[in-house]
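# Structure assessment
Here is how the chains run, residue by residue.
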Amino acid sequence: MLNLVRRAGITVILVFMVLLVGCQSTEIEFETDAERFKYEYESVNGKLDYSWQKARNVSIDDDNPIVYASYSDLIDMIDSGETFAVYFGYNKCPWCRGAIEAILESAKEYGVQTLYYVDVYSSRDKYEVSNGQAVLKSEGEEGYRELIVLLAPVLDDYILEDDDGSEVDTGEKRIYAPNVIVVKNGEAVGIADDSELFTDPYGEITDEIYSDMVNIYSEVFAMLTYQ
């Protein structure tokens, strides 16, 4: 009887493992980048993020203009003298989640048909402070350093803080999240972020703050046509 119970238990465990592996190996297929983007951002709604905070709920339109791109893709477009807008962020970034609806509303207002998107969560250079110096801990993906050189005219410096709160310069520029950058005829002409509008990325976004965000992103999207 005991052996029978043990065999039954082992069978249950094996079935569970098979189901678990099956669930982990299942990949969702998307027909469009817009569909993929909507899923990636909305699937995080209400879940704990990297800071163990509950992610803000966001709603993404089905017909959003997002097209996924790599650093190399953007470099090729710049080298070809193209004009485009690109959003840098990632789905669990609380600042990005606070901004994304305003970004997409602004893009729609200015008739942006394609807004390129680069997920920067783990694709950038990462520095840490050691003995008062900035030390490179991991390099970004292929093309990252070349791209920040091309976008340098509009990028902020990559500044860290040590334990005492003193600033430590890495000597590099930085693509932050969220950043929306406009390139016109192969030249970076504008950048927008709204991080100064609210100090708590998990806090309430009032109608006034949201309106200010829309205005910030509208100004940079307007460069696609008017600058």
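### A short note on the overall build of the chain
Check the secondary structure of the chain and you find six helices and nine strands. Contacts in the chain between residues far apart in sequence, at least 24 positions, make up 69% of those at least 6 positions apart. When the accessible surface of the chain is totalled, it reaches about 13,400 Å², and 48% of it is carbon and sulfur.

### Details of a negative patch on the surface
There is a patch of like negative charges on the surface, built from Asp-61, Asp-63, Glu-101, Glu-105 and Glu-109. Position of Glu-105 among the secondary structure elements: in helix H4 (residues 94-109).

### Describing helix H3 (residues 71-79)
Along H3, the residues classified as buried are Tyr-71, Leu-74, Ile-75, Met-77 and Ile-78. The buried residues of H3 all sit within an arc of 165° when viewed along its axis, so they share a single face. Where H3 is buried, its residues contact strand E2 (84-89), strand E3 (115-119), helix H5 (144-150) and strand E8 (179-184). Just downstream of H3 lies Gly-81, where phi reads positive at about 75°.

### Some points on the sheet that holds E3
With mixed pairing, five strands are arranged side by side in an open sheet as E1-E3-E2-E8-E9. Each having just a single partner strand, strand E1 (66-68) and strand E9 (187-192) make up the two edges of the open sheet. Each adjacent strand pair in this sheet contributes to an overall mean axis angle of 30°, direction not counted. In this structure, E2 lies alongside E8, joined through five bridges in antiparallel fashion. Paired with Val-86 across the bridge in E8 is Ile-181. Seen against the sheet, H3 touches E2, E3 and E8 and runs at an angle of roughly 160° to E2. Along the sheet face, H4 touches E1, E2, E3 and E8 and points at about 160° away from the line of E2.

### Section: the pairing of strand E4 (residues 126-130)
As defined by bridge partners, E4 adjoins strand E5 (residues 133-138) across five bridges and the pair is classed as antiparallel. In the sheet register, Tyr-127 faces E5, and the bridge partner there is Leu-136. The turn joining E4 and E5, which pair antiparallel and follow one another in sequence, is formed by two residues; a positive phi near 55° is taken by Asn-131.

### Overview of unusual backbone geometry
Pro-178 follows Ala-177 through a cis peptide bond whose omega is 0°. Position of Pro-178 relative to the elements: it lies in the loop between strand E7 (167-174) and E8. Non-glycine residue Asn-131 carries a positive phi angle of around 55°. Examined against the element boundaries, Asn-131 turns out to sit in the loop between E4 and E5. Under the relative-accessibility criterion, Asn-131 is labelled exposed at 78%.

### Description of the nonpolar core
One finds Phe-37, Leu-74, Tyr-87, Phe-88, Leu-151 and Phe-221 to be the most contacted residues of the largest nonpolar core, which totals 53 residues. Among the elements that take part in this core, H4 stands out by supplying seven residues, more than any other. Other than its neighbours up to four places away in sequence, Leu-151 contacts Ile-78, Phe-88, Ile-175, Ile-181, Val-183 and Ala-188.

### Digging into the pattern of salt bridges
Throughout the structure, instances matching the rule amount to six salt bridges. As a salt-bridge pair, Asp-62 and Lys-38 come within 3.5 Å of each other at their nearest N and O atoms. Separated by 24 residues along the polypeptide, Asp-62 in the loop between helix H2 (33-42) and E1 and Lys-38 in helix H2 bring together distant segments of the chain. Across the pair Arg-145 and Glu-172 runs a salt bridge whose closest N-O atoms are separated by 3.5 Å. Placement of the pair is Arg-145 in helix H5 and Glu-172 in strand E7, with a sequence separation of 27 residues. Overlapping salt bridges bring together Lys-38, Glu-42 and Asp-62 as one network.

What counts as what
As a convention, each chain's residues are numbered from 1 in the sequence order in which they are written. Per-residue local features of the predicted model are confined to residues with pLDDT of at least 70, and side-chain atom pairs are confined, for both listing and counting, to 80 or more; whole-chain, interface and lining totals are unaffected and use all residues. Only hydrogens and water are removed before side-chain values are computed, so all heavy atoms of the structure are retained for them. In this text, helices come from DSSP runs of H or I with a minimum length of four residues, and strands from runs of E with a minimum of two, each type numbered from the N-terminal end. Here, two residues are considered to be in contact whenever any of their heavy atoms come within 4.5 Å of each other. For the area figures, the Shrake-Rupley method with a 1.4 Å probe applies, and any residue is considered shielded solely by the protein chains shown. Patch criteria: residues need more than 30% relative accessible area and no salt bridge. Like-charged residues are merged within 9 Å; nonpolar side chains of Val, Leu, Ile, Met, Phe, Trp and Tyr are merged within 5 Å. Put simply, a salt bridge is a Lys or Arg side-chain nitrogen that is within 4 Å of an Asp or Glu carboxyl oxygen. Asp and Glu count as negative and Lys and Arg as positive, but His and the ends of the chain are not part of the count. Each charge is placed at NZ for Lys, CZ for Arg, CG for Asp and CD for Glu. Throughout, exposure labels follow a simple rule: accessible area from a 1.4 Å probe, protein chains only, divided by the maximum for the residue type, with under 20% read as buried, over 50% as exposed, and the rest as partly exposed. Summarising the geometry, the arc corresponds to the directions from the helix axis toward the C-beta atoms. For two strands to be treated as a pair, DSSP must find at least two bridges joining them. Inter-axis angles, ranging from 0 to 180 degrees, are taken between N-to-C directions of lines fitted to C-alpha atoms, where helices are fitted over the stretch in contact. Working definition of a nonpolar core: buried Ala, Val, Leu, Ile, Met, Phe, Trp, Tyr and Cys residues. They are joined through side-chain atoms within 4.5 Å.

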